[in-house]
Amino acid sequence: MRLGLYVNLYADPADRPRLADAVEQVRLAEQAGFSWAVLGERHLHRPGYHEAVTTLAYLAAHTERIGLATAGLIAPVHHPVHLAETLAHVDVLSGGRLTAGFVLGYRPEEFTLYGARPEERVSRFEECLELLHRLWTEDEVTHHGRRHHLDGAFLSPRPVQAPRPRIWNGGRVPAALERTAWLCDGWTTSFNETDEELPKKVAAYRAAPRGPRSLGSEVIVCREGYAAATSQAARTALEDPLRALYDAYGDWKRTSADAARYAQPWEDIAARSVIGSTAECAERLAHYEALGADGVVLRIQPPGMPQADALRAIEAFGALTS
């Protein structure tokens, strides 16, 4: 089972613009055998949130082997040429280690910040990914679509990976699964997708028609994760900072259909997570492999968790990859 470390990018006002903790975690994850360091995107957050693409470049300079992924960038709010160019450069700088993961987005204020409208997000998403494919693989691109117009556009340099970096997408509803199968190479689940929901959605995603540019149909399960000597030690380290993060998510996701999932008791959270003793975590990872997962991305450090606790958990999961 391939593991990803979901990197905590929440900014402490006293620690800007340093990312020393993230670098330490990702370098340890690389040594421990993790396959990816995975970054998300967030805006209009106080006290702050480190920008994802420039952070990918920073992590590329401090690592050698680990994959660098996003899960995900809010594709509809970005201009596709700028997005294609910056991500291509991350792939170049890292020697071909990029996986570009996207989401549709849900916060109206983030769309307003970028001058986009939420009701346009599907058409913007689809056009953005079409142009990413083309700009990464074609010598010259002319395109006249609903949102963007290009004449003789090209990237130089293009990504290192051939034919291009892999593309992931998140989403929970049937239309999102179909869109992912057609336009992308992998589906990233939500962190709060229940185990009962997963088999049906994995089957639906893999049964959906693949687009002509698709490179496959990976399933990447995103989960809260903490491994310790005992299940109680794992709960003690994780519960309070995770609960604080979930309370914040409940506010951020007030316009989202899954907002209520962040107001659940610990037992429900643990039931859809990889939390416990190392033996219990090994069983949980095997469970997700049996459900069809090709990888599991673990969010180990919510804001407020001490660095030492995060490092201990990364080492414990690393023992399971060997």
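Quick note: structure is the one above.
Side note on the overall build of the chain
Of regular secondary structure, the chain possesses 11 helices and 12 strands. Relative to the 2.2 N^0.38 estimate, which gives 20 Å for 322 residues, the radius of gyration of the chain is 19 Å and therefore close to what a compact globule would have. Along the first, second and third principal axes, the C-alpha atoms of the chain reach 60 × 40 × 35 Å. Sequence-distant contacts, at least 24 apart, represent 73% of the contacts inside the chain between residues at least 6 apart. If the 35 positive side-chain charges of the chain are averaged to one point and the 42 negative ones to another, these points end up 3 Å apart.

Comments concerning helix H6 (residues 174–183)
Within H6 the residues assigned to the buried category are Ala176, Leu177, Arg179, Thr180, Ala181 and Leu183. On its buried face, H6 is in contact with helix H5 (121–137), strand E8 (166–170), strand E9 (186–188) and helix H7 (198–207).

What to know about the packing of helix H2 (residues 52–62) against helix H3 (residues 80–93)
Here H2 crosses H3 at 10°, and the two axes come no closer than 9 Å. Classified by the angle their axes make, H2 and H3 are roughly parallel. Every residue of H3 that contacts H2 at Val53, Leu56 and Ala57 is listed here: Thr86, Leu87, Val90 and Leu93. Of the residues that constitute the contact of H2 with H3, the class distribution is six nonpolar, one polar and no charged.

Conventions adopted
- Residues numbered from 1 in each chain as written.
- Predicted model: local features only at pLDDT ≥ 70, side-chain atom pairs only at ≥ 80, totals over all residues.
- Heavy atoms only, no water.
- Helix = DSSP H or I, 4+ residues; strand = E, 2+ residues; numbered from the N terminus.
- Rg over C-alpha atoms; globule rule 2.2 N^0.38 Å.
- Contact = heavy atoms within 4.5 Å.
- Lys, Arg positive; Asp, Glu negative; His and termini not counted.
- Charge placed at Lys NZ, Arg CZ, Asp CG, Glu CD.
- Buried < 20%, exposed > 50% of the residue type's maximum accessible area, 1.4 Å probe, protein only.
- Axes fitted to C-alpha atoms, helices over the stretch in contact; angles between N-to-C directions.
- Parallel < 35°, antiparallel > 145°, perpendicular 65-115°, else oblique.
- Nonpolar A, V, L, I, M, F, W, Y, C, P; charged D, E, K, R; others polar.

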